[in-house]
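This is what each chain is made of:
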Amino acid sequence: MDGQRSDGQRSDGQRPDGQRPDGQRSDGRWLELADGVLARRHDELDLTTGLVLGTSAALVIDTRGDTAQGAELAAAVRAVTALPVVVALTHAHFDHCFGTAAFPGAPVYAQAGCAGALLATAAAQRAHWTRHYRDAGNTGSSQASGSSATATADALAATVPVLPDHPVCARPASVHPLDLGGRVVQLVHPGPGHTGHDLVVHVPDAGVLFAGDLLENGAPPSFGPDSYRRDWAAAVGLLLEVGAAPAATGTRVFVPGHGDPLSPDEAAAQHADLLRIARAAGPSGAPVPRAPSANSLTR
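Since we're looking at a predicted model, the values are computed, not measured.

> Report on the overall build of the protein chain, specifying residues and quantitative values.
The number of helices and strands found in the protein chain is 6 helices and 12 strands. When each of the 299 residues of the protein chain is scored for burial, the buried share is 55%. Total accessible area on the protein chain stands at roughly 11900 Å², and carbon and sulfur atoms take up 55% of it.

> How would you sum up empty space enclosed by the protein? Please name residues and give values.
Under the defined criterion, the tally for this structure stands at 2 cavities of 30 Å³ or more. A volume near 50 Å³ is recorded for the largest cavity. What lines the largest cavity is simply T48, T49, G50, I61, D62, T90, F210, A211, G212, V255, P256 and G257. When contributions to the lining of the largest cavity are tallied by element, the ones reaching two or more residues are β3 (48-53), β11 (208-216) and β12 (253-258). Residues of the lining of the largest cavity, tallied by class, amount to 5 nonpolar, 6 polar and 1 charged. Looking at the second largest cavity, its volume works out to about 30 Å³. If you trace the second largest cavity, you find it lined by E44, L45, L47, R64, Q69 and D95. In the lining of the second largest cavity, the residues fall into 2 nonpolar, 1 polar and 3 charged.

> Please provide a residue-by-residue account of unusual backbone geometry, values included.
One non-glycine residue, R64, lies in the positive phi region at around 80 degrees. Along the chain, the position of R64 falls in the loop between β4 (58-61) and α1 (67-80). A positive phi angle, near 55 degrees, is found at C169, a position not held by glycine. Examined against the element boundaries, C169 turns out to sit in the loop between β7 (166-168) and β8 (174-179).

> Which residues make up helix α5 (residues 229-243), and what are the values?
The end-to-end C-alpha separation of α5 is 22 Å, in line with the 21 Å expected for 15 residues at 1.5 Å each. Regarding α5, the residues found buried are W232, A233, A235, V236, G237, L238, L239, V242 and G243.

> Residue-level account of the sheet that holds β12, with values.
Strand order in this open sheet of 5 strands is β8-β9-β10-β11-β12, and the pairing throughout is mixed. With one partner strand each, in any of the chains shown, β8 and β12 form the two edges of the open sheet. On average, each strand axis in the sheet is tilted by 30 degrees relative to the strand beside it, whichever way the strands run. Relative to strand β10 (residues 200-203), strand β9 (residues 184-189) runs antiparallel, the two being bridged by 3 bridges.

> Run through the packing of α5 against helix α6 (residues 264-281), naming residues and quoting values.
Helix-helix packing is characterised by the crossing angle of the two axes and by the distance between the axes. One can describe the packing of α5 onto α6 by two numbers: an axis separation of 7 Å at closest approach and a directional angle of 155 degrees. In this view, α5 runs roughly antiparallel relative to α6, as classed from their interaxial angle. Crossing hand, α5 versus α6: left-handed. Contact residues: R229, R230, W232, A233, V236, G237 and L240 in α5; A267, A268, H271, L274, L275, I277, A278 and A281 in α6.

> An account of the packing of aromatic side chains is needed here, citing residue identities and associated values.
Within this structure, the stated rule accounts for 4 aromatic pairs. Both rings, one in W129 and one in Y133, keep their centres 6.2 Å apart while their planes meet at 45 degrees; by these two values the pair is tilted. Of this pair, W129 and Y133 both sit in helix α3 (residues 114-139), 4 residues apart, roughly one helical turn. For the residue pair W129 and Y133, the accessibility class agrees, reading buried in each case. The cationic tip of R40 hangs over the ring face of W30; the distance from NZ or CZ to the ring centre is 5.0 Å.

> Which residues make up the confidence of the model for the protein chain, and what values do they have?
On average, residues of the protein chain carry a pLDDT of 86, and 82% of them reach 70 or more. Averaged pLDDT values for the elements of the protein chain fall to 91 in helix α4 (residues 146-157) and rise to 99 in β4. Counted against residues more than four places away or in other chains, residues 288-299, with its pLDDT under 50, gives 31 contacts.

Criteria and cut-off values
- Per chain, residue numbering runs from 1 following the sequence as it is written.
- In keeping with the model being predicted, local features are shown solely for residues with a pLDDT of at least 70 and side-chain atom pairs are shown and tallied solely at 80 or more, while totals for entire chains, interfaces and linings include all residues.
- Hydrogens and waters are ignored; side-chain quantities use all the structure's heavy atoms.
- The numbering of helices and of strands both runs from the N terminus, where a helix is a DSSP run of H or I of at least 4 residues and a strand a run of E of at least 2.
- Throughout this description, buried means an accessible area under 20% of the type-specific maximum (1.4 Å probe, protein chains only), exposed means over 50%, and partly exposed covers the range between.
- Areas reported here follow the Shrake-Rupley algorithm with a probe of radius 1.4 Å; residue values treat only the protein chains shown as occluding.
- In this analysis a 1.4 Å probe is tested at points of a 1 Å grid over the protein atoms alone, and where it fits but cannot get out there is a cavity; an open set with protein on both sides within 12 Å along at least five of seven lines is a pocket; lining residues have an atom within 4 Å of a point.
- Grid points are joined across faces, edges and corners, and a volume is the space filled by probe spheres set on the points.
- Any residue that is not Ala, Val, Leu, Ile, Met, Phe, Trp, Tyr, Cys, Pro, Asp, Glu, Lys or Arg is counted as polar, Gly included; the first ten are nonpolar and the last four charged.
- Take the residue count of a helix, subtract one, and multiply by 1.5 Å to get its expected span.
- DSSP bridges decide pairing: two strands pair if at least two such bridges lie between them.
- Axis angles are defined between N-to-C directions and span 0 to 180 degrees, where every axis is a line fitted to C-alpha atoms and, for a helix, only to the segment in contact.
- Orientation labels follow simple angle bins: below 35 degrees gives roughly parallel, above 145 gives roughly antiparallel, 65 to 115 gives roughly perpendicular, and whatever is left gives oblique.
- For a crossing to be left-handed, the near helix must be turned anticlockwise from the far one by less than a right angle; the clockwise case is right-handed.
- Residues count as neighbours in contact if any of their non-hydrogen atoms are within 4.5 Å of one another.
- Ring pairs shown here join Phe, Tyr and Trp side chains whose ring centres sit within 6.5 Å, with only the six-membered ring taken for Trp; geometry is labelled stacked below 30 degrees between planes, edge-to-face above 60, and tilted in between.
- For a Lys NZ or an Arg CZ to count as sitting over a ring, it must be within 6 Å of the ring centre and within 35 degrees of the ring normal.
- Per residue, pLDDT captures the predictor's confidence, and it can take any value from 0 to 100.

Dropping the structure here:
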């Protein structure tokens, strides 16, 4: 789906100048990966969110980094579908989950440890990244313009993240089926990797897997104090196994948390890189035994 209708209007409601009919500027474009399965690419932090459509519900995968960004995503979703929304969060880093308030009343699924991690780190993440965007606005060093970075800082400073209320997949390799009507997606916790509470979304009938920040495209994996260097490769290895399971059509697309979708070969190459990192990590590969810091996200 290229976002363009035959009448010249974009299917996401965005005009060619990037403005939506409500006057708010859109930061994103939809990519159709399979029938009813879309990724949304965002300029800020090169983020990738997701949307999976069933016949009775629509699953939104990650909600962006503040209430304003979440509202942009929610409006883009509503331009595609009027179905009731369900949210799945891949992990508790701010750019993936601080926009959830834009989906009021939606059930919010996450790995069982996500809510605790978010509760423990939200204030520090908000302070750190508000300062980052404020400084970027003053120096013009952001991906966005100075005025845009300042607006992002203001929006982030005012954001109170919504905690997920549907914890799932407490154990590594556990799977939670989620019925969207005519399509069952699988929420999978592959074990510790980018964080200790990563959750991925597998759409078996479409051959698509949303990997969160366990995979990235265009930058090295983001290791922080809440990352598990020795275990990350095993988590991605499980993703590759899930994608190759007989019940699936064969996963053809792996959607990273940042960057464009990956082919199976590209995902396998990243797995090989992570194996090399794991071997080099030695016994110090586990995270520091404390709550993850605001610096745990590096892009």
